[in-house]
Structure formats: structure tokens, C-alpha cells
Amino acid sequence: MDVGQITNLMRAGIMQVFVLIAPVLGAALIIGLIVAIFQATTSIQEQTLTFLPKMLTILAVLALLGGWMFAELRDYTITLFRSIPSL
């Protein structure tokens, strides 16, 4: 196993993590922005107001996209295990 193969494996793993986490982080970012705008316009500075909508949004995104995320991770793992003999 040379440095190029290790680099490709690490790059593929990091990209897989980015692809899987992007929808969750994007949804949390959008909800956080909406809540921040709401807090700024109403002058309500309650910390729990930001936590609960983000948590519910993250749970909803995981419920909706959890099957797809699992399938992507499964396919990546199968591909990784199939490439072991060539390493």
C-alpha cells in the first residue's frame, strides 16, 4: 500500500462524511438563521428558543433521510471491504 492509495482512501472517507452530514447541518443552519432573525426582531433573547427548533429539525431530517444515509454508508463500506484484497 503506497501513499497514493492511503490518500485516496482518506479523501473518499472524508467526502462521504461531508455528503452524509451536509443535509443535517444545512437544515440546522437555516432554522438557526430563521430563529436568530425572529429573536432580533422581537428582542427575545431566550437560549432555549434556539435549541428546541434546531433539535426538532435535526431529528426530522434524520428521520426523513436516515434510510438514504444508511444506504450510502453501507455502499461505501462494501466498496471499502471489496478493495481490501487489492491493497
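Rules used in this analysis
- Per-chain numbering applies: the sequence of each chain, read as written, is numbered from 1 onward.
- Owing to the predicted nature of the model, reporting of local features is limited to residues with pLDDT of at least 70; listing and counting of side-chain atom pairs is limited to 80 or more, with chain, interface and lining totals taken over all residues.
- In computing side-chain values, all of the structure's heavy atoms are included and hydrogens and water are not.
- The bend at a residue is defined as the angle formed between two axes, one fitted to the seven residues ending at that residue and one fitted to the seven starting there.
- Labels follow the DSSP assignment, with helices taken as runs of H or I lasting at least four residues and strands as runs of E lasting at least two, numbered in each case from the N terminus.
- A 1.4 Å probe rolled over the protein chains alone gives each residue an accessible area, and that area as a share of the maximum for its type sets the label: buried under 20%, exposed over 50%, partly exposed in between.
- Residues are treated as being in contact if the distance between any of their heavy atoms lies within 4.5 Å.
- When a carboxyl oxygen of Asp or Glu lies within 4 Å of a side-chain nitrogen of Lys or Arg, that pair is called a salt bridge.
- In these notes, a set of buried Ala, Val, Leu, Ile, Met, Phe, Trp, Tyr and Cys residues joined through side-chain atoms within 4.5 Å is what counts as a nonpolar core.
- For a helix, the expected span equals 1.5 Å multiplied by the residue count minus one.

Caption draft 1: Broad picture of helix H2 (residues 47-82). The axis of H2 is deflected most strongly, by about 60°, at leucine 65. Among all positions of H2, only Thr57, Val61 and Met69 are buried. Here the buried face of H2 lies against helix H1 (3-42).

Caption draft 2: Representation of the pattern of salt bridges in the model. In the structure shown here, the tally under the stated rule is one salt bridge. For aspartate 75, the salt bridge is made with arginine 74, and the minimal N-O distance between the two is 3.5 Å. With relative accessibility at 38%, the residue aspartate 75 sits in the partly exposed group.

Caption draft 3: Seen up close, the nonpolar core. Leu20, Val24, Ala27, Val61 and Met69 together form the largest nonpolar core, which totals five residues. Sorting the residues of this core by element identifies H1 and H2 as the ones contributing at least two each. A total of three residues in this core trace back to one element, the largest contributor, which is H1. Among residues more than four places away in sequence, those in contact with methionine 69 are Leu20, Val24 and Leu62.

Caption draft 4: Expanded view of H1. Here H1 is 40 residues long and its end C-alpha atoms lie 55 Å apart, about the 58 Å a rise of 1.5 Å per residue gives. Taking the largest bend as the criterion, H1 deviates by roughly 40°, centred on isoleucine 21, and proline proline 23 comes between one and four positions later. Along H1, the positions that sit buried rather than exposed are Gly13, Gln16, Leu20, Val24, Ala27, Ala28, Gly32, Val35 and Gln39. Check the buried side of H1 and you find it contacts H2.

Caption draft 5: Spatial organisation of the environment of valine 61. With respect to the secondary-structure elements, valine 61 resides in helix H2. For valine 61, a relative accessible area of 13% puts it in the buried group. With 26 residues separating them in the primary sequence, valine 61 and valine 35 have C-alpha atoms 17 Å apart. The residues contacting valine 61, other than those within four sequence positions of it, are Pro23, Val24, Ala27 and Gly66.

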